[in-house]
Amino acid sequence: MIDTRQADCTHDWRYRAFVLLATFASLRWSEVSALRRMDVDLKARTVRVRVAFVERSAGGLMLGPPRSKAGRRTVGIPQSIVRVLQEHMNTYVQDEPGALMFPAAKGGPIRRSGFNTRTRWVDVVTEIGLPGLHFHDLRHTGNMLAADSGAGLKDLMARMGHDNVRAAMIYQHAVRGADEAITNAIDRQLESRDDDDDKGTAGALVPTG
């Protein structure tokens, strides 16, 4: 799972909120780049996904529906990033309800190429020890955090914007796998303590404070 605390501070300030919202609301690039001011409700701490940008092979952008029916959804925003989003809206977003939430430097929609160049994405992720990290991996982090909350399949599907259970189950299984690894590590420590007890160090597990 990605630690975004360093990543979001290293990026261009214009895109800090963009990175954080994509991560912690589990949004796809096409979804977060198409958000308008009216889609983000900081009082209710929600973001509404209604449309998405698709980059055509010829280079143009087409605004259309999300990739699935489940893609149209309302997602909760963590309180910890609300202040960053508010500062972003005050600084970079026009007052009109239909204004782009994350405009590029010249005011139009963000393109991946411009984002990568302006943020030095490849260099930055290498500097923080995550070479090869793609923007889509941020969504994976958000999905893992959602799965780690113990939410059921239907709730995970709703948050991720999936209309089938397969993807949600993948994240649930990944979390369970991590928990199993932790449990196995604890077992190894206990077995080691048992071995020490056999050697005359009984009481090693007794709390000292």
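Look up: the structure comes first, before these words.
Fair warning: this is a prediction, and the values are worked out from it, not measured in the lab.

Novice: When you look at the packing of helix α2 (residues 16–24) against helix α4 (residues 82–92) in this model, what are you seeing that I'm missing?
Specialist: Axes are the key here: two packed helices are described by the angle between their axes and the distance separating the axes. Packing of α2 against α4 brings their axes to within 9 Å, and their N-to-C directions diverge by 140°. Classified by the angle between their axes, α2 and α4 sit oblique to one another. Judged by the twist between their axes, the crossing of α2 over α4 is left-handed. Contacts between α2 and α4 involve Arg16, Ala17, Leu20 and Leu21 from the former and Val84, Leu85 and His88 from the latter. Looking at side-chain class alone, the contact of α2 with α4 contains five nonpolar, one polar and one charged residues.

Novice: Help me understand the pairing of strand β3 (residues 52–55) in this model?
Specialist: Regular strands show a simple pattern: their side chains alternate between the two faces of the sheet. Of the pairings in the sheet, the one linking β3 to strand β4 (residues 61–64) comprises four bridges and is antiparallel in character. Looking at the pairing, Val54 lines up with Met62 of β4. Counted between consecutive antiparallel strands, the loop separating β3 from β4 contains five residues, among which Gly59 sits at a positive phi close to 110°.

Novice: Explanation requested: the packing of aromatic side chains in the structure shown.
Specialist: Here a ring pair, both rings aromatic, is described through the centre-centre distance and the interplanar angle of the planes. Throughout the structure, instances matching the rule amount to eleven aromatic pairs. Between Phe115 and Trp121, the aromatic rings sit 5.6 Å apart at their centres with planes inclined by 45°, giving tilted as the arrangement. Judged on exposure class, the residue Phe115 and its partner Trp121 are both buried. Judged by centre distance (6.0 Å) and plane angle (50°), the ring pair of Trp121 and Phe135 falls under tilted. Residue Trp121 is found in helix α6 (residues 121–127), and its partner Phe135 is found in the loop between α6 and α7 (136–148); the two are separated by 14 residues along the sequence.

Novice: Help me out: how do you make sense of the sheet that holds strand β2 (residues 46–49) in this one?
Specialist: Hydrogen bonds between backbone groups are what pair the strands of a sheet, and the pairing can be parallel or antiparallel. Read from one edge of the open sheet, three strands run β1-β2-β5, paired in antiparallel fashion. Taken across any chain shown, the strands that pair with only one partner, and hence form the sheet edges, are β1 (40–41) and β5 (73–76). Of the strand pairs in this sheet, β1 and β2 are connected by two bridges, and their pairing is antiparallel. Looking at the pairing, Asp41 lines up with Thr46 of β2.

Novice: What is the right way to read the side chain of Asp39 from this model?
Specialist: Tracing the chain through its elements places Asp39 in the loop between α3 (29–32) and β1. At 2.6 Å, the side chain of Asp39 forms a polar contact with the side chain of Arg50. Those residues in contact with Asp39, other than ones at most four positions away along the chain, are Ala34, Thr46, Val47, Arg48 and Arg50.

Novice: Sorry, what's going on with the packing of α7 against helix α8 (residues 153–160) here?
Specialist: Packing of α7 against α8 brings their axes to within 10 Å, and their N-to-C directions diverge by 155°. Judged by the angle between their axes, α7 and α8 are roughly antiparallel. When the axes of α7 and α8 are compared, the crossing they make is right-handed. Here Arg139, Asn143, Ala146 and Ala147 of α7 come into contact with α8, specifically with Leu156, Arg159 and Met160. Taken together, the residues of the contact of α7 with α8 break down into four nonpolar, one polar and two charged.

Novice: Where do I start with unusual backbone geometry in this structure?
Specialist: Peptide bonds are trans in most cases, and residues, glycine excluded, mostly fall at negative phi. With a phi close to 55°, Ser26 is a non-glycine residue in the positive phi region. Relative to the elements of secondary structure, Ser26 occurs in the loop between α2 and α3. In this model, Arg120 sits at a positive phi of 55°, which is unusual for a non-glycine residue. By the secondary structure assignment, Arg120 is in the loop between α5 (112–119) and α6.

Novice: Hey, could you run me through the pattern of salt bridges in this one?
Specialist: Opposite charge on two side chains permits them to pair, given that their charged atoms come into close proximity. One pass over the full model with this rule turns up seven salt bridges. Here Arg28 makes a salt bridge to Glu31, at a shortest N to O gap of 2.6 Å. One exposure class covers both Arg28 and Glu31, and it is buried. For the salt bridge of Arg73 with Glu31, the shortest nitrogen-to-oxygen distance reads 2.9 Å.

Conventions used here
Residues numbered from 1 in each chain as written. Predicted model: local features only at pLDDT ≥ 70, side-chain atom pairs only at ≥ 80, totals over all residues. Heavy atoms only, no water. Axes fitted to C-alpha atoms, helices over the stretch in contact; angles between N-to-C directions. Helix = DSSP H or I, 4+ residues; strand = E, 2+ residues; numbered from the N terminus. Parallel < 35°, antiparallel > 145°, perpendicular 65-115°, else oblique. Left-handed = near helix turned anticlockwise from the far one by under 90°. Contact = heavy atoms within 4.5 Å. Nonpolar A, V, L, I, M, F, W, Y, C, P; charged D, E, K, R; others polar. Pairing = 2+ DSSP bridges. Phe/Tyr/Trp six-rings, centres within 6.5 Å; stacked < 30°, edge-to-face > 60°. Buried < 20%, exposed > 50% of the residue type's maximum accessible area, 1.4 Å probe, protein only. Polar contact = N/O pair within 3.5 Å; in protein donor to acceptor, adjacent residues only side chain to side chain. Salt bridge = Lys/Arg side-chain N within 4 Å of Asp/Glu carboxyl O.

Just distances and angles here, no functional claims.
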